[in-house]
Structure formats: C-alpha cells, structure tokens
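# Summary of structural features
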Amino acid sequence: MVPKEPLLQFWGEGLPNMLHGLQISAALAGVSMIIGLPLGLLFCMMVMGRNRVVSTIGLVIVEIGRGMPALIILYLVYFGLPSFGILLESFPSAIIALAWNYSCYCSEIFRAGIQAVPGGQNEAGDALGLDDRITFFYVILPQAFRSIIPALLGQTILLFQDTSLAYTVAVPELMKEAYTYGSTTFQYLRVFVLAGLCYAVVTLPASWITRWLERRLALSY
C-alpha cells in the first residue's frame, strides 16, 4: 500500500484548481442572482396583479420553479431544449436553471414582505393622489425590503450552494474540480473535505452577516 502524503501537502497541491472552481461557482451564483432578483420581483408583481390571466401565469411559473428540484430544471434546460433546436452550453444552461429556481423562491419572499406592509400605506398613497406604481415602488417596496433582506440573503447562500449541481453538466465549478482531483488521486474523503471547507469560507461569513443584519433590522422597528 502506497503511503499517503501529508494532508496539508495534499491539500496544497489541489487548492489552486479548487480555488479556480470556487471562482466559477461565485460567478455562476452572482450572475444567477443578478438575473433572478428582478425576475423574482416581476413574478411577484404578476402573482399579485389584478389581471387574473397574468396572475395565473405568474403563479404557474413560480409553483413549477419551486416545485421542481434545481437539478431537474438544469437537466430540462441542458438536455431538453436541444429537442426544440435550442443548443446551449453548460454555463448558460446552469445560469438559466439556477436563476429560474432562485427567482421563484425570491418571488414568494417578496410577496410575503409586501403583504406584511400595513394596508394603510396604500390608502395613504391614494389619499395623496399618488399613482399605484409610484406608491408601490417608493412607499411599499422600500418598507418591504426591511423585512425581506435577511431572507433574500439566506436564499442567496442556498443559491451559491446549489451551484454544486452544475458539475453534472460539466461546468468547471468547485465540485467539478473536486471530483476531477479525487478521480486522479482516489482520496475522495480528503478532497471533498477540502471542497467543503472552500464552500464554508464563503457561506459561514455570509450566514454571520445575515444573522447580524437580521438583528439590526429587528432593533430598528
């Protein structure tokens, strides 16, 4: 049996590729978030709209996006769209799948925050003669954000963790690099512990910031 090299030396050899994969994961999460946040607000406005047809369409989109696992959505985009003549590379496919899944959960977070704003705010806007859109974007939404920011940050952390699913379609993110390193060394335990630590370097500080912000916002009410 070939003796294993020291753990820190083993991690040091694999760390450069793992950090490159971590950068890809962060980019994937960042682009998906930039797309998903406004899309989630759009879906929320559709669901809460007065037009029943638009509301129903928005509700169907959101429920499908929340009801299906992100991995299934990714497979449908990457392997399913070619059946309709739409060929996408792995990275944009992962962005579409993750952004859709993220936006659907954000839609429900937005809706909960908006519904938590007292109804008198809308009445005050009407009394002042404000347009419904002005009341929504300048009165209701800023107040809603105070309660939904921690939830949005928590969902963003989950989005970053979900980028690990992209390795199934060969996106060279962190899990893909970890799997490649493990398949060449056959020391999967060491490799995946290192991968977990790389994820933790990002998610743990983000979780601490989320909890701190939640406490600060709670005290400001």
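Sequence order sets the numbering: in each chain, residues are counted from 1 along the sequence as written. Local features in a predicted model are, by the rule used here, given only for residues with pLDDT of at least 70; side-chain atom pairs are given and counted only at 80 or more, and totals for whole chains, interfaces and linings are based on all residues. Each side-chain value is derived from all of the structure's non-hydrogen atoms; neither hydrogens nor water enter the calculation.

Under an unreviewed UniProt entry, the name given to the protein chain is Amino acid ABC transporter permease, and the source organism is Bifidobacterium primatium.

### Brief notes about the overall build of the protein chain
Strands here mean DSSP runs of E at least two residues long; helices mean DSSP runs of H or I at least four residues long; both are numbered from the N terminus. Within the protein chain one finds eight helices and zero strands. If you line up the protein chain on its principal axes, its C-alpha atoms span 80 × 50 × 20 Å. Burial classes: relative accessible area under 20% of the type maximum marks a residue as buried, over 50% as exposed, and values in between as partly exposed (1.4 Å probe, protein chains only). When burial is assessed residue by residue, the protein chain has 37% of its 221 residues classed as buried. Counting only contacts in the protein chain whose residues sit at least 6 apart along the sequence, the fraction spanning at least 24 positions is 76%. We call two residues contacting when some pair of their heavy atoms lies within 4.5 Å.

### A word on the pattern of salt bridges
Salt bridges are defined by distance alone: a side-chain nitrogen of Lys or Arg within 4 Å of a carboxyl oxygen of Asp or Glu. As enumerated under the stated definition, the model contains two salt bridges in all. Where R66 meets E63, a salt bridge forms, and the shortest distance between an N and an O atom there is 3.3 Å. Residue R66 and its partner E63 are both found in helix α2 (residues 52-67); the two are separated by three residues, about one turn of the helix. Of the residues examined, E63 reaches a relative accessible area of 37% and is grouped as partly exposed. E108 is paired through a salt bridge with R111; the nearest N and O atoms lie 2.8 Å apart. With E108 and R111 both in helix α4 (residues 90-116) and three residues apart, the pair spans about one turn of that helix.

### Here we look at the packing of helix α3 (residues 70-80) against α4
Angles here are taken between N-to-C directions and fall from 0 to 180 degrees, while the axes themselves are lines fitted to C-alpha atoms, restricted in helices to the stretch in contact. One can describe the packing of α3 onto α4 by two numbers: an axis separation of 9 Å at closest approach and a directional angle of 135 degrees. Overall, the two elements α3 and α4 adopt an arrangement that is oblique. Note on packing geometry: the crossing formed by α3 with α4 is right-handed. Residues A70, I73, L74, V77 and Y78 of α3 form the contact with α4, whose own contacting residues are S90, S93, A94, I96, A97, W100 and N101. When residue character is reported, Ala, Val, Leu, Ile, Met, Phe, Trp, Tyr, Cys and Pro are called nonpolar, Asp, Glu, Lys and Arg charged, and the others, Gly included, polar. For the contact of α3 with α4, the residue count by class is nine nonpolar, three polar and no charged. Oblique is the label for any angle not covered by the other classes, which are roughly parallel (under 35 degrees), roughly antiparallel (over 145) and roughly perpendicular (65 to 115). Crossing handedness is read from the near helix: turned anticlockwise from the far helix by less than a right angle, it gives a left-handed crossing, and turned clockwise, a right-handed one.

### A few points about the packing of α2 against α4
Running from N to C, α2 and α4 point in directions that differ by 115 degrees, and their axes come no closer than 8 Å. The hand of the α2/α4 crossing is left-handed. The residues of α4 that touch α2, namely those facing I61, V62, I64, G65 and R66, are W100, N101, C104, Y105, S107 and E108. When its residues are assigned to classes, the contact of α2 with α4 shows six nonpolar, three polar and two charged.

### Details of the nonpolar core
Residues belong to a common nonpolar core when they are buried Ala, Val, Leu, Ile, Met, Phe, Trp, Tyr or Cys residues joined through side-chain atoms within 4.5 Å. With 42 residues, the main nonpolar core has M18, F110 and I114 as its most contacted residues. Going through the elements one at a time, α1 (7-48), α3, α4, α6 (132-162), α7 (174-185) and α8 (188-220) are the ones with two or more residues in this core. Those residues in contact with M18 that lie beyond four places of it in its chain are L174, E177, A178, V191, L194, A195 and C198. The next biggest cluster of nonpolar side chains, apart from the first, holds five residues, and it includes F43, M46, V47 and V62.

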